[in-house]
Structures are given as structure tokens and as C-alpha cells.
Amino acid sequence: MNTRKIISMVLFLFVAFTMNAEAPLDLVLQYDNENDFVVETVGDSSVARVTGYNGTKTEIRIPRQIRRMTIVAIGEKAFFKKGFTSVTIPNNVILIENGAFLENEITKITIGTNVTIHEYSFDMGFAAFYFENGRRAGTYLFNDNMWAIQTVAAQAPNIDGVPAEPPKTGKGFGMDPYASISVGIALWDYGPSSLIPRLGLHLGLLTSVGNFTIAIVGEGGGFFGVAYPSFEDIGITYGFYFGSFIEIYTSEFLNFGLGGGMTRGYFTTKNDMGDKYFFPFMEFDVMLGDEEDSLGIFFRYYFNDADNFYNKFSIGIKKRGFY
């Protein structure tokens with residue numbers, strides 16, 4: 001059995017068990033003429049995918065069945081650049097392939113639950129918004145450069161038979177993980193003058209609140225550098241640090257971070273000045289860039305009792321990104 005037949009069987013079985021799961025959505029649909037759609041069979045000819053459109057409408061409603069075949073997928077570039085402004089997709093569709101609705105001006109999408117969508121199936125970031133909102137069935141509207149959910153079929157229908165939910169705007173609430181590597185150079189740290197490179201791992205969870213993106217992150221790593229505890233004595237310092245931060249991204253250009261942690265290190269000189277140390281710190285970051293790639297300045301304050309041993313205040317350059 002080849003791969004195409006296996007995929008066809010999986011699609012058929014999935015539809016058989018799930019096509020009635022979101023009935024409230026389909027109760028209110030009036031589908032377009034099936035002759036406007038070009039389809040190809042999948043497997044045993046009981047299911048099909050849409051591969052093209054010959055109609056002239058700008059607001060389309062894809063039928064559940066075309067020529068007695070259940071529609072389970074929208075093929076690659078099936079509706080590419082057709083001038084659509086609105087589309088209704090039946091619940092039995094479980095896959096929308098790359099570029100299926102690309103290069104249209106669609107501002108209204110009615111779709112079922114848990115549909116697998118390629119990142120570039122639609123314009124204007126709809127796929128990301130759909131996933132961030134739990135791939136819920138409903139009607140999605142695009143207005144003022146953002147998507148919102150107008151109705152959700154998972155709820156009980158109202159007296160008109162159409163389920164309703166208060167509109168949501170923005171990217172929706174959800175926690176998305178991300179990771180990056182941070183590289184810092186402390187230009188003034190642990191002594192009257194020092195140059196201490198450090199390398200860390202930056203792990204976080206992102207969520208959107210209005211027009212802001214907020215991250216809860218953890219960062220940890222090690223450092224090693226040359227320091228000058230006094231002007232006549234040169235030493236080295238090395239160790240590790242860890243901490244947690246709250247970061248606010250006001251745009252893709254500017255972000256701020258505030259947090260704290262602990263530093264564990266060793267400080268030695270030719271005259272054995274200094275020793276191991278372990279104390280907390282608080283840090284404030286001003287960065288240019290986004291959560292994955294940015295460059296900026298960090299300000300750090302150390303809570304230690306040895307006023308004449310280490311600087312309490314540190315300033316340096318911080319770079320974060322994927323390498």
C-alpha cells in the first residue's frame with residue numbers, strides 16, 4: 001500500500017468519526033453550487049479535496065459534499081488570488097494546504113474546529129491567530145489590522161440558531177514557549193574596572209495582552225573575565241548566574257526586562273584578594289529588537305554586604321538571539 005492510499009484512509013476514518021462533532025456550525029450554512037469547484041478524489045472516491053474554483057463569487061461557501069464525495073481538504077493554491085472577501089469552510093475539512101487562500105482580501109472566515117492549517121494558507125496571519133485561540137470553530141473577522149472571533153460554534157446556539165460569543169481582539173491569550181541564547185559583556189562589574197563576558201540560555205513563555213507581548217523567562221549561564229579589584233592588582237573572576245525576568249515587548253523594535261537572580265562566582269588575584277561569593281542581584285534591561293533577536297544595555301544591582309569588596313552596580317551590553 002503506497003503512502004497516498006495510507007493518507008487517504010486516515011483522512012476517511014477521521015472524517016467518519018468527527019464530521020458531526022460541530023453540527024451547530026453547519027445548521028445555518030447554505031452552500032454554493034458544487035459545479036463551481038474543482039475536486040480530486042482521495043483514496044476510494046468517497047472523500048475528496050478541492051483543487052480549484054471556476055465560479056465568480058467573492059463570498060464563497062464550500063459544500064460539505066461535491067458529487068457525493070465528502071470534502072476533507074483544500075489543496076495547495078486551490079483558491080489562490082481569486083478575489084475572495086469571505087469564505088465558509090465546512091466542518092468535515094480537516095486540512096488546508098499551503099497557499100490555499102493566499103493573495104485574497106478575506107476579512108471573514110467561518111471554519112470548523114481543529115483544522116490543520118499551513119502557516120501560509122491564508123493572508124494576514126490568520127493561521128497563527130486560529131492556533132493561538134485553540135483552533136476553535138466559529139466565524140473570524142479581520143478589522144483594523146487584527147483578527148477577532150465573532151461567533152464560536154462550540155457553544156450552545158442562541159434562539160436564532162447561531163452561537164455567539166463576545167468579540168475578542170488582538171492575538172488572544174495563550175502561552176507560547178521560546179528560547180534563545182544571550183551573550184553579555186559587563187563593562188563595569190565586580191570592581192573599579194572589569195571586562196567580563198558571559199554566555200547564557202534564555203527560556204521563556206510568551207503571551208499577548210492588547211498591543212503588548214509579555215514574557216515570563218528564566219536565564220542562566222556562566223561568566224569568565226579579567227577584573228581589576230584595585231588599580232595595582234589584576235585578578236580573574238568566573239562562575240555562574242541564574243535568574244527570572246518579566247519582559248514587555250511594546251513592538252518589534254523595543255522591549256524592557258525586569259527581574260533578579262543569584263550570582264555564584266570566584267574572584268582571585270596575585271595577592272589572593274577576594275574569594276568566592278554568592279549574593280542576589282536585580283537587573284533592568286533595555287533592548288532593541290524582539291523576543292528572539294535583540295541588542296541592548298543591562299543594569300544590575302548586587303545586594304551584598306561587602307561595600308569595599310565588589311561594586312554593587314553593574315552595566316553592560318547584552319545580545320540575544322539564535323545562533
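Our subject in this report is the structure included herewith. (Residues numbered from 1 in each chain as written. Predicted model: local features only at pLDDT ≥ 70, side-chain atom pairs only at ≥ 80, totals over all residues. Heavy atoms only, no water.)

With respect to a nonpolar patch on the surface
- On the surface, Phe 224, Val 226, Ile 234, Ile 236, Tyr 238 and Tyr 266 cluster together into a nonpolar patch covering about 520 Å² of accessible area.
- Elements with a contribution of two residues or more to the nonpolar patch: strand 14 (212-230) and strand 15 (233-249).
- Sorting elements by how many residues they give to the nonpolar patch places strand 15 first, with 3 residues.
- Assignment of secondary structure puts Tyr 266 in strand 16 (residues 254-269).
- A relative accessible area of 31% means that Tyr 266 is categorised as partly exposed. (Patch = residues over 30% accessible without salt bridge, like charges linked within 9 Å, V, L, I, M, F, W, Y side chains within 5 Å. Areas by Shrake-Rupley, 256 points an atom, 1.4 Å probe, with all protein chains shown as cover. Salt bridge = Lys/Arg side-chain N within 4 Å of Asp/Glu carboxyl O. Helix = DSSP H or I, 4+ residues; strand = E, 2+ residues; numbered from the N terminus. Buried < 20%, exposed > 50% of the residue type's maximum accessible area, 1.4 Å probe, protein only.)

Considering the packing of aromatic side chains
- What the rule picks out here adds up to 20 aromatic pairs.
- On the basis of an interplanar angle of 55° and a centroid distance of 5.6 Å, the ring pair of Phe 79 and Phe 84 is categorised as tilted. When sorted by exposure, Phe 79 lands in the same class as Phe 84, which is buried.
- On the numbers, 5.8 Å between centres and 70° between planes, the contact of Tyr 130 with Tyr 140 is edge-to-face. Note that Tyr 130 is positioned in helix 3 (residues 126-132) and Tyr 140 in strand 10 (residues 138-143), a separation of 10 residues in sequence.
- A cation sits over an aromatic face here: Arg 300 above Tyr 241, 5.3 Å from the ring centre.
- Over the ring of Phe 245 we find Lys 318, and its NZ or CZ is 5.2 Å from the ring centre. (Phe/Tyr/Trp six-rings, centres within 6.5 Å; stacked < 30°, edge-to-face > 60°. Lys NZ or Arg CZ within 6 Å of the ring centre and 35° of its normal.)

Describing the nonpolar core
- Of all hydrophobic cores here, the largest spans 34 residues; its most connected members are Ile 62, Ile 74, Phe 79, Ile 96, Phe 101, Ile 111 and Phe 122.
- Only strand 1 (37-42), strand 2 (47-53), strand 5 (69-74), strand 8 (108-111), helix 3, strand 10 and strand 11 (146-152) provide two or more residues apiece to this core.
- Ranked by the residues each element gives to this core, the list is headed by helix 3, at 4 residues.
- With sequence-adjacent residues up to four places away left out, Ile 96 is seen in contact with Ile 74, Ile 89, Phe 101, Ile 111, Val 115, Thr 116, Ile 117, His 118, Ser 121 and Phe 122.
- Ranked by size, the runner-up nonpolar core spans 10 residues in total, among them Ile 196, Phe 267, Phe 281 and Tyr 302. (Core = buried A, V, L, I, M, F, W, Y, C linked by side-chain atoms within 4.5 Å. Contact = heavy atoms within 4.5 Å.)

Quick notes on the pattern of salt bridges
- Tallied over the entire structure, the rule returns 9 salt bridges.
- The salt bridge involving Arg 61 is made with Asp 32; its shortest N-O contact spans 3.5 Å. Of this pair, Arg 61 sits in strand 3 (residues 59-61) while Asp 32 is found in the loop between helix 2 (23-26) and strand 1, placing the two residues 29 residues apart along the sequence.
- Residue classification places Arg 61 among the partly exposed positions, given a relative accessible area of 28%.
- With relative accessibility at 5%, the residue Asp 32 sits in the buried group.
- We note a salt bridge from Arg 320 to Glu 247, for which the minimum N-O separation is 3.7 Å. In this pair, Arg 320 is assigned in strand 19 (residues 313-321) and Glu 247 in strand 15, connecting sequence segments 73 residues apart. For the residue pair Arg 320 and Glu 247, the accessibility class agrees, reading buried in each case.

A closer look at the environment of Val 39
- With respect to the element layout, Val 39 can be found in strand 1.
- A relative accessible area of 16% places Val 39 in the buried class.
- Beyond its immediate stretch of four places on either side in the chain, Val 39 contacts Ala 48, Arg 49, Val 50, Thr 51, Ile 66, Arg 67, Met 69 and Ile 71.

What to know about unusual backbone geometry
- One non-glycine residue, Lys 77, lies in positive phi territory at about 55°.
- Within the secondary structure, Lys 77 sits in the loop between strand 5 and strand 6 (86-88).
- Judged by relative accessible area, Lys 77 falls into the partly exposed class, the value being 48%.
- Positive phi, normally seen in glycine, also occurs at Glu 103, with a value near 65°.
- In this structure, Glu 103 sits in the loop between strand 7 (95-96) and strand 8.

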